[in-house]
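The chain contents come next:
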Amino acid sequence: MKLPSLFISLLLFCAASTSAQPGYEILKDVKKIDIPFEYKNDLIIVNVTFNRIFPLKFIFDTGAENTILAKRSITDLIGVNYEREFKVLGSDMTTVLTAYLVRGIHMRIEDMVAPSQSLLVLDEDYFNFEELLGMQIHGILGADIFKGLLVKINYEHKMITLMKSGTGKLPSDGYQMLPISIEKNKPYLKTVIRTQNDTLVNVKLLLDTGAMLALLLNTDSHPGLKPPENAVSGNIGTGLGGFLTGHLGRVASLSLGDLQCNEVITNFQDLEEGMDTTMLQGRNGIIGNGVLSRFDVIIDYPGHKLYLQPNKNFKKEFKFDKSGLVVIAADYLLNKYIVHSVIPGSPAALAGFFLKIYDC
């Protein structure tokens, strides 16, 4: 059964920082902090103690500008003041959602303490993580927490390390250094992809640990970013606002300095004609965990640099589920499964699957 790719894209209509506390302040008394994580369904999940009371699980998301709580029931329970309403644009670039600013929340992530954090609280649980992942996820840990730091992600050891800039020797041997830009707290890489028809395309890609996919390209952002002829059309994944339509195929290669990922599974997202894409910061797409997890990754936010060192998964073939099913979990116990969609002509369609609920 196919689990739909997830990427989280939350675009504020009004540009405003929700945090007066830069990540650097979190490490003011220590040189570094190690944060273990779970790696499930190609997502980095960390344990968070929320307001000294609630043990919650958040997705560690370099592609999110702000920290977000998906469960308003939690802040309702502790009686916080919702200071300001924001309108939010979903991942499909059409759905308009509502979020509220709250301040003064105490958050602890292992040995990291944010004593008075500001964050956004969604009016409704638009993410529905439980349906997609089969586990409770309560929110997103965004870059407003760790901006101003060096962030190392070791996927093999399942460890995030936050370090102050200038407190240690930067990596050299075995690492590829690439320049990046930091825009609205988010890291962007300019690089080159080679399509299946051998066209070279210069692209600007968001480095997004909140994306359980390898590569996503916006087809309207460049004339060379068209799906290959053998691409499969249908639901390519889900994001904030619902399921996304497009095509699933491959690009011949993705260049990362002197390193190269070949035959990369790629989601080609179709955006509606005439849609305002200015809030995408001129990007052509997203690099997700399907690529990033093949490296030890260091994002140097103050130095605007990315360091990559291949790990044991670097040369593995990019694979995808060819069943043709998109399945989500249902019921409060998450022990029922709904076939959300079936791709026409796929093995699932030929086997007679149709849209219904199946008991586990």
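Residues numbered from 1 in each chain as written. Predicted model: local features only at pLDDT ≥ 70, side-chain atom pairs only at ≥ 80, totals over all residues. Heavy atoms only, no water.

1. Structural notes on the overall build of the protein chain
Working step 1: Looking only at helices and strands, the protein chain features six helices and 25 strands.
Working step 2: Within the protein chain, counting contacts between residues at least 6 apart in sequence, those at least 24 apart form 66% of the total. (Helix = DSSP H or I, 4+ residues; strand = E, 2+ residues; numbered from the N terminus. Contact = heavy atoms within 4.5 Å.)

2. Structural notes on the pattern of salt bridges
Working step 1: Here the structure, examined in full by the defined rule, presents nine salt bridges.
Working step 2: A salt bridge links Asp125 to Lys71; the shortest N-O distance between them is 2.5 Å. With Asp125 in the loop between β9 (112-122) and α3 (129-133) and Lys71 in the loop between β6 (68-69) and α2 (72-78), this residue pair connects regions lying 54 residues apart in the sequence.
Working step 3: Given a relative accessible area of 22%, Asp125 falls into the partly exposed group.
Working step 4: Residue Lys71 is classed as buried on the basis of its relative accessible area of 14%.
Working step 5: Across the salt bridge formed by Lys87 and Glu85, the nearest N and O atoms sit 3.1 Å from each other.
Working step 6: Take Lys87: its relative accessible area is 33%, and that puts it in the partly exposed class.
Working step 7: By relative accessible area, which is 42% here, Glu85 ends up partly exposed. (Salt bridge = Lys/Arg side-chain N within 4 Å of Asp/Glu carboxyl O. Buried < 20%, exposed > 50% of the residue type's maximum accessible area, 1.4 Å probe, protein only.)

3. Digging into the nonpolar core
Working step 1: Core analysis: the biggest nonpolar cluster contains 64 residues, and Val46, Phe50, Leu256, Ile287 and Val291 have the highest contact counts within it.
Working step 2: In this structure Leu256 touches Gln176, Leu178, Leu189, Thr191, Cys261, Ile287, Val291, Phe295 and Leu308, once residues within four positions along its chain are discounted. (Core = buried A, V, L, I, M, F, W, Y, C linked by side-chain atoms within 4.5 Å.)

4. A few points about the environment of Leu254
Working step 1: Relative to the helices and strands, Leu254 resides in strand β18 (residues 242-256).
Working step 2: Residue classification places Leu254 among the buried residues on the basis of a relative accessible area of 0%.
Working step 3: In contact with Leu254, not counting residues within four places along its chain, are Thr191, Val192, Ile193, Leu205, Leu259, Gln260, Cys261, Val264, Ile287 and Val291.

5. Details of the side chain of Thr161
Working step 1: By the secondary structure assignment, Thr161 is in strand β12 (residues 159-163).
Working step 2: Overall, Thr161 belongs to the buried group, its relative accessible area being 9%.
Working step 3: In terms of polar contacts, Thr161 uses its side chain to reach the side chain of Asp34, at 2.7 Å.
Working step 4: Excluding residues within four positions of it along the chain, Thr161 makes contact with Lys32, Ile33, Asp34, Leu150, Val151 and Lys152. (Polar contact = N/O pair within 3.5 Å; in protein donor to acceptor, adjacent residues only side chain to side chain.)

6. Focus: the packing of aromatic side chains
Working step 1: Taken as a whole and assessed by the stated rule, the structure comprises six aromatic pairs.
Working step 2: The rings of Phe37, Tyr39 and Tyr155 are connected pair by pair, giving a single aromatic cluster.
Working step 3: It is Arg72 that lies over the ring of Tyr82; its NZ or CZ is 4.7 Å from the centre.
Working step 4: Across the ring face of Phe318, the terminal group of Arg294 is positioned such that the distance to the ring centre comes to 3.5 Å. (Phe/Tyr/Trp six-rings, centres within 6.5 Å; stacked < 30°, edge-to-face > 60°. Lys NZ or Arg CZ within 6 Å of the ring centre and 35° of its normal.)

7. A look at the environment of Asp111
Working step 1: Within the secondary structure layout, Asp111 lies in the loop between β8 (96-109) and β9.
Working step 2: For Asp111, a relative accessible area of 59% puts it in the exposed group.

8. Quick look at the confidence of the model for the protein chain
Working step 1: Looking at the protein chain, the pLDDT average stands at 82 and 74% of residues meet or exceed 70.
Working step 2: Predicted confidence in the protein chain is weakest over strand β1 (residues 11-12), with a mean pLDDT of 44, and strongest over strand β14 (residues 186-194), with 97.
Working step 3: Considering only residues more than four positions removed or in separate chains, one finds that residues 10-21, a stretch of pLDDT under 50, has 46 contacts. (pLDDT = per-residue confidence, 0-100.)

9. Observations regarding the pairing of β14
Working step 1: Judged from the four bridges that link them, strand β13 (residues 176-183) and β14 form a sheet pairing that is antiparallel. Of the residues in β14, the one forming a bridge with Glu183 is Lys186.
Working step 2: In this antiparallel pair of consecutive strands, β13 and β14, the connection spans two residues, and Lys184 shows a positive phi of 55°.
Working step 3: Bridge count between β14 and strand β15 (residues 200-207): seven bridges; the pairing is antiparallel. From the neighbouring strand, Val192 faces β15, where its bridge partner is Asn202.
Working step 4: Here β14 hands over to β15 after five residues, with Asp198 in that stretch at a positive phi of 65°. (Pairing = 2+ DSSP bridges.)

10. Quick look at the pairing of β15
Working step 1: Of all eight residues in β15, six are buried, a share of seventy percent or more.
Working step 2: In terms of strand pairing, β15 meets strand β20 (residues 285-287) through three bridges, oriented parallel. The residue of β20 that forms the bridge with Leu207 is Ile287.

11. Some thoughts on the environment of Val232
Working step 1: Mapped onto the elements, Val232 comes out in strand β17 (residues 232-239).
Working step 2: With 35 residues separating them along the chain, Val232 and Asn267 place their C-alpha atoms 9.7 Å apart.

12. Examining unusual backbone geometry
Working step 1: Despite not being glycine, Lys184 has its phi angle at roughly 55°, a positive value.
Working step 2: Along the chain, the position of Lys184 falls in the loop between β13 and β14.
Working step 3: Non-glycine residue Asp198 carries a positive phi angle of around 65°.
Working step 4: Take Asp198: it is sitting in the loop between β14 and β15.

13. Things to note about a positive patch on the surface
Working step 1: On the surface, Lys158, Lys312, Lys316 and Lys319 cluster together into a patch of positive charge.
Working step 2: By the element assignment, Lys312 lies in the loop between β22 (305-310) and β23 (325-330).
Working step 3: By relative accessible area, Lys312 is classed as exposed at 67%. (Patch = residues over 30% accessible without salt bridge, like charges linked within 9 Å, V, L, I, M, F, W, Y side chains within 5 Å. Areas by Shrake-Rupley, 256 points an atom, 1.4 Å probe, with all protein chains shown as cover. Lys, Arg positive; Asp, Glu negative; His and termini not counted. Charge placed at Lys NZ, Arg CZ, Asp CG, Glu CD.)

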